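Notes for the structure review
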Amino acid sequence: MSGHLSTYEPKYGVTKWLDKRLPIIRMGADFMTYPSPRNLNYWWTFGGILTLCLMVQIITGVILAMHYTANVDVAFADVQRIRRDVPFGWLIQPMHAVGAAMFFFAVYVHMFRGLYYGSYKAPREMIWILGCIIYLIMMATAFLGYTLPWGQMSFWGATVISNFFTAVPFVGDSLQQWILGGYSVDNPTLNRFFALHFLLPFVIAAVVGLHVWAMHHAGQNNPVGIEPKSKEDTLAFHPYYTVKDAFAVVVFLLIFAFFIFYYPDALGHADNYIEADPLATPAHIVPEWYFLPFYAILRAVPDKLMGLLLMVGAIAVLFILPWLDTSKVRSMRFRPVTRIWFILFLINSFILGWCGAATPSDIAIPMGEDKGLNFLWLSRISTLYYFAYFLLILPIMGMIEKPKELPESITKSVLGGASSGGAAS
Amino acid sequence: MSDTEHSHDHVDEEKRDFIYIAAGAVAAVGAGAIGWPLVTQMSMAADTKAAGSIEIDLSNIDEGSQVKSLWRGKPVFVRHRTPEEIAEAEAVDVATLPDPATDNERLMPNKAGKLDPRFLVMVGVCTHFGCVPIGEQGKVDALGEYGGWYCPCHGSHYDTAGRIRKGPAPENLVIPPYEFISDTVIKVG
């Protein structure tokens, strides 16, 4: 599948001239004619959706930067000024804020799709790892950006997260002061967070380039998880998947627009409309929804360093996933038992998010009067399952599970035939 | 020509290795020399470091109440403790504490060289992840299970000497460097 033959032929004198010197049209043409598996479903449209998300964030972000000043005296007021006084600021600021949430929503769908269809397995390990790196930089970017409006949640979120570094043995305090540029989160912190928040999206764009390059080199995975064998197993990216992606993008933009126009603040926290106050911590600090599962893992153990290591481990484990899953079969469609473990993992991720939003000592599942399982213990059980899925279930299931018979080819799985196992689902 | 030492065919490998390593070493020193300032610029600036001391007048603080002052961007708590609170703090068996310290070890001598257990001065920053613990008298649940402070972020409980008793915080609330500059005024920092 790798490196399909170029079919581009320059027609005009100028394009022929250019093709010999900078084959950029050829590159675009090859991208558009790239043979994609013919059976890609709508879960595969999120790659395109994510590209759009990154572009929206960069464009709206650069615009916001033209109206924003990273100074503790004016930052909070600047964001309000953007929303009230700057022409179309009421539109562009929520596009950026809601856009961050939409970006994470899309990236989670994209990641779960990879987990379900085994897109991380050989020869696609580098695509997966580059994706994990993108996700990591996305988290850093989102955290830095959330500090900029300088509300109470901005300030205390930055305080709590920068305090993670004090858990590092011996150098923790100096490390934290180096990151903050002061004894506490203050003007130097806001300044550097702004600079880095501006920088990182471009780093993401570069890694996305590598991610797509690796994908074109190894070839796309597909819902049945077998490699295309003949020309009839594939379709040109354009128009088949450009149109499919475009439809998905329209649906995605409808949801996006619904939030921008009707609930621009629904995904934020009301406390962020109070200006940062270093003397008073809000009673209930919660991160944005897309960090809640990791926040629950952090709080699951009553030890600062252990909690931090667990949270870091929850992301680190994704990087070695290609070597943890021992099964040769990619798609969960043909793994009847592991599929159930996967669905439990998906539900478990939502439970972790629920725990992250709750107060640990509150009762989650009532059992009799004033008794039951509290959120602390629920998050402990969920954290255990999160790690067990990667470290025990996937390695063991690959060895003991008997997968269903794989279809002979992608075409057979689509058009039917003797061995089209489970393709109709 | 061809059989002399300086022919094209003969390469002095040792000399090449030496030049290669020497050039690499100089480049590494150069990279380090420019890298260090680029990294260190993020440390605290001199003015930030210097803006670090405040004075607090203890005579304005009523028994049972607490004042918060901003010091280095963080709150400093001064609590005028009641006799019951002092007794409670002194009665604890130090060996049972997660971060053992006697009540007296958490005080500084006044002008007369004596410890005044009524005034407890602490940095009001939870040693877990840096939130400000709540500990105002008269507020329901605000003192935590040990009558001192309670951190709302991740549920750490501190006693009336600001020592960690329960929850994820690893250490007692920090005592800032301070001294009495008169009978009733302290200088923090």
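On a predicted model such as this, the values are computed, not experimentally measured, just so you know.

1. Some words on the overall build of chain A
- Secondary structure assignment for chain A yields 16 helices and four strands.
- For 425 residues, the compact-globule estimate of 2.2 N^0.38 gives 22 Å, and chain A sits close to it at 24 Å.
- By principal-axis analysis of the C-alpha atoms, chain A measures approximately 70 × 65 × 45 Å.
- Considering chain A as a whole, with its 425 residues, one finds that 51% of them fall into the buried category.
- Counting only carbon and sulfur atoms, one obtains 72% of the accessible surface of chain A, whose full area is about 20,600 Å².
- Charge-centre separation for chain A: the mean point of 28 positive side chains lies 13 Å from the mean point of 26 negative side chains.

2. Describing the sheet that holds strand β9 (residues 185–188) of chain B
Residues and elements named next belong to chain B.
- Taken together, the three strands give an open sheet; going across it, the order is β1-β9-β8, and neighbouring strands pair in antiparallel fashion. Of all strands in the sheet, those with a lone pairing partner are β1 (54–57) and β8 (178–180), marking the two edges. Strand after strand, the sheet turns through a mean of 25 degrees between neighbouring axes, direction not considered.
- Both β1 and β9 contribute to a ladder of four bridges, which runs antiparallel. Directly across from Glu55, in β9, lies its bridge partner Lys187.

3. Brief notes about the packing of helix α6 (residues 125–147) of chain A against helix α9 (residues 187–218) of chain A
All names here are of chain A.
- α9 packs onto α6 with a crossing angle of 160 degrees between their chain directions and a minimal axis gap of 8 Å. Of the possible angle classes, the one that applies to α6 and α9 is roughly antiparallel. Considering the relative orientation of α6 and α9, their crossing is left-handed.
- Along the lines of polarity and charge, the residues of the contact of α6 with α9 split into 22 nonpolar, six polar and no charged.

4. Considerations on the environment of Asn221 of chain A
Residues and elements named next belong to chain A.
- With respect to the helices, strands and loops of the structure, Asn221 is situated in the loop between α9 and β2 (234–236).
- By relative accessible area, Asn221 is classed as buried at 3%.
- Sequence separation of Asn221 and Gly114 is 107 residues, and the distance between their C-alpha atoms is 8.9 Å.
- With near-sequence residues (within four places) excluded, Asn221 lies in contact with Pro37, Leu40, Trp44, Tyr117, Gly118, Ser119, Arg124 and Arg330.

5. Things to note about the sheet that holds strand β4 (residues 119–123) of chain B
Residues and elements named next belong to chain B.
- The strand order across the open sheet built from three strands is β2-β3-β4, with neighbouring strands paired in antiparallel fashion. The sheet is open, and its two borders are formed by β2 (66–71) and β4, each paired with just one other strand. Along the sheet, successive strands turn relative to each other by an average axial angle of 20 degrees, direction set aside.
- Examined bridge by bridge, β2 and strand β3 (residues 74–80) share six bridges and lie antiparallel to one another.

6. Description of the environment of Lys371 of chain A
All names here are of chain A.
- Checked against the element boundaries, Lys371 lands in the loop between β3 (363–366) and β4 (372–374).
- Lys371 gets classed as exposed once you look at its relative accessible area, which sits at 58%.
- Excluding residues that lie within four positions of it along the chain, Lys371 makes contacts with Ile363, Ile365 and Pro366.

7. A short note on the confidence of the model for chain B
Residues and elements named next belong to chain B.
- Per-chain confidence: chain B averages 86 in pLDDT, with 92% of residues scoring 70 or above.
- The element-level mean pLDDT for chain B is lowest in helix α2 (residues 46–50), coming to 83, with helix α1 (residues 13–40) highest at 94.
- Both scores are given for the predicted complex: the pTM is 0.88, the ipTM 0.74.

8. Describing the confidence of the model for chain A
- Residues with a pLDDT of 70 or more make up 97% of chain A, whose mean pLDDT is 93.
- In the predicted structure, residues 418–425 of chain A sits below a pLDDT of 50 and forms 13 contacts with residues beyond four places in sequence or in another chain.

9. With respect to the packing of aromatic side chains
Residue and element names in this part refer to chain A.
- In this structure the tally under the stated criterion is 41 aromatic pairs over all chains.
- Each ring, one from Phe258 and one from Tyr263, has its centre 5.6 Å from the other, and the planes form 45 degrees; the classification is tilted.
- When its relative accessible area of 46% is taken as the criterion, Tyr263 is described as partly exposed.
- One aromatic cluster is present, formed by Trp44, Phe112, Tyr116, Tyr117, Trp341, Phe342, Phe345, Tyr385, Tyr386, Phe387, Tyr389 and Phe390 through successive ring pairs.
- Looking at Lys244, its charged tip hangs above the ring of Tyr42, at a distance of 4.6 Å from the centre.

10. As for the nonpolar core
- Grouped together as the largest cluster of nonpolar side chains are 126 residues, with contacts concentrated most on Phe104, Leu115, Trp150, Phe294, Tyr386, Tyr389 and Phe390 of chain A.
- Per-element tally for this core: the top contributor is helix α5 (residues 89–116) of chain A, with 16 residues.
- Judged by nonpolar contacts, the second largest core, of 14 residues, contains Ile56, Val121, Val125 and Tyr178 of chain B.

11. Some remarks on a nonpolar patch on the surface
Residue and element names in this part refer to chain A.
- Side chains of Tyr42, Phe247, Val250, Val251, Leu254 and Ile255 sit close together on the surface and give an oily, nonpolar patch of about 560 Å² of accessible area.
- Within the element layout of this structure, Tyr42 appears in the loop between β1 (35–37) and α3 (46–65).
- Residue Tyr42 is classed as partly exposed on the basis of its relative accessible area of 42%.

12. Quick notes on the packing of α6 of chain A against helix α12 (residues 304–319) of chain A
Residue and element names in this part refer to chain A.
- Closest axis-to-axis distance for the α6/α12 pair is 8 Å, and the angle between their directions is 155 degrees. One finds that α6 runs roughly antiparallel with respect to α12. Residues Trp128, Ile129, Cys132, Ile133, Leu136 and Met139 of α6 lie in contact with α12, whose contacting residues are Ile315, Leu318 and Phe319.
- Grouping the constituent residues of the contact of α6 with α12 by class yields nine nonpolar, no polar and no charged.

13. Brief notes about the interface of chain A and chain B
- On the side of chain B, 28 residues touch chain A, which itself brings 26 residues to the contact.
- Contact with chain B buries area across many residues of chain A, yet Trp178, Tyr183 and Leu279 of chain A alone supply 34% of it, more than any other trio.
- Linking chain A with chain B are zero salt bridges, by the criterion used here.
- If you look at where chain A meets chain B, you find 11 residue pairs in polar contact (both at pLDDT 80 or more).

14. Thoughts on unusual backbone geometry
All names here are of chain A.
- A cis amide bond, omega 5 degrees, links Ala122 with the succeeding residue Pro123.
- Cis geometry is adopted by the peptide bond preceding Pro239, which originates at His238 and carries an omega value of 10 degrees.
- A positive phi angle, close to 60 degrees, is found at Phe88, a residue other than glycine.
- Mapped onto the elements, Phe88 comes out in the loop between α4 (75–84) and α5.
- Classification of Phe88 by relative accessible area gives exposed; the value is 52%.
- Here Phe170, not a glycine, exhibits a phi torsion of approximately 70 degrees, which is positive.
- You can see Phe170 is positioned in the loop between α7 (152–163) and α8 (172–180).
- Its relative accessible area of 88% is what places Phe170 among the exposed residues.

Basis of the calculations
- Residues numbered from 1 in each chain as written.
- Chains lettered and ligands numbered in written order.
- Predicted model: local features only at pLDDT ≥ 70, side-chain atom pairs only at ≥ 80, totals over all residues.
- Heavy atoms only, no water.
- Helix = DSSP H or I, 4+ residues; strand = E, 2+ residues; numbered from the N terminus.
- Rg over C-alpha atoms; globule rule 2.2 N^0.38 Å.
- Buried < 20%, exposed > 50% of the residue type's maximum accessible area, 1.4 Å probe, protein only.
- Areas by Shrake-Rupley, 256 points an atom, 1.4 Å probe, with all protein chains shown as cover.
- Lys, Arg positive; Asp, Glu negative; His and termini not counted.
- Charge placed at Lys NZ, Arg CZ, Asp CG, Glu CD.
- Pairing = 2+ DSSP bridges.
- Axes fitted to C-alpha atoms, helices over the stretch in contact; angles between N-to-C directions.
- Parallel < 35°, antiparallel > 145°, perpendicular 65-115°, else oblique.
- Left-handed = near helix turned anticlockwise from the far one by under 90°.
- Nonpolar A, V, L, I, M, F, W, Y, C, P; charged D, E, K, R; others polar.
- Contact = heavy atoms within 4.5 Å.
- pLDDT = per-residue confidence, 0-100.
- Phe/Tyr/Trp six-rings, centres within 6.5 Å; stacked < 30°, edge-to-face > 60°.
- Lys NZ or Arg CZ within 6 Å of the ring centre and 35° of its normal.
- Core = buried A, V, L, I, M, F, W, Y, C linked by side-chain atoms within 4.5 Å.
- Patch = residues over 30% accessible without salt bridge, like charges linked within 9 Å, V, L, I, M, F, W, Y side chains within 5 Å.
- Salt bridge = Lys/Arg side-chain N within 4 Å of Asp/Glu carboxyl O.
- Buried area = accessible area lost by both parts, 1.4 Å probe.
- Polar contact = N/O pair within 3.5 Å; in protein donor to acceptor, adjacent residues only side chain to side chain.

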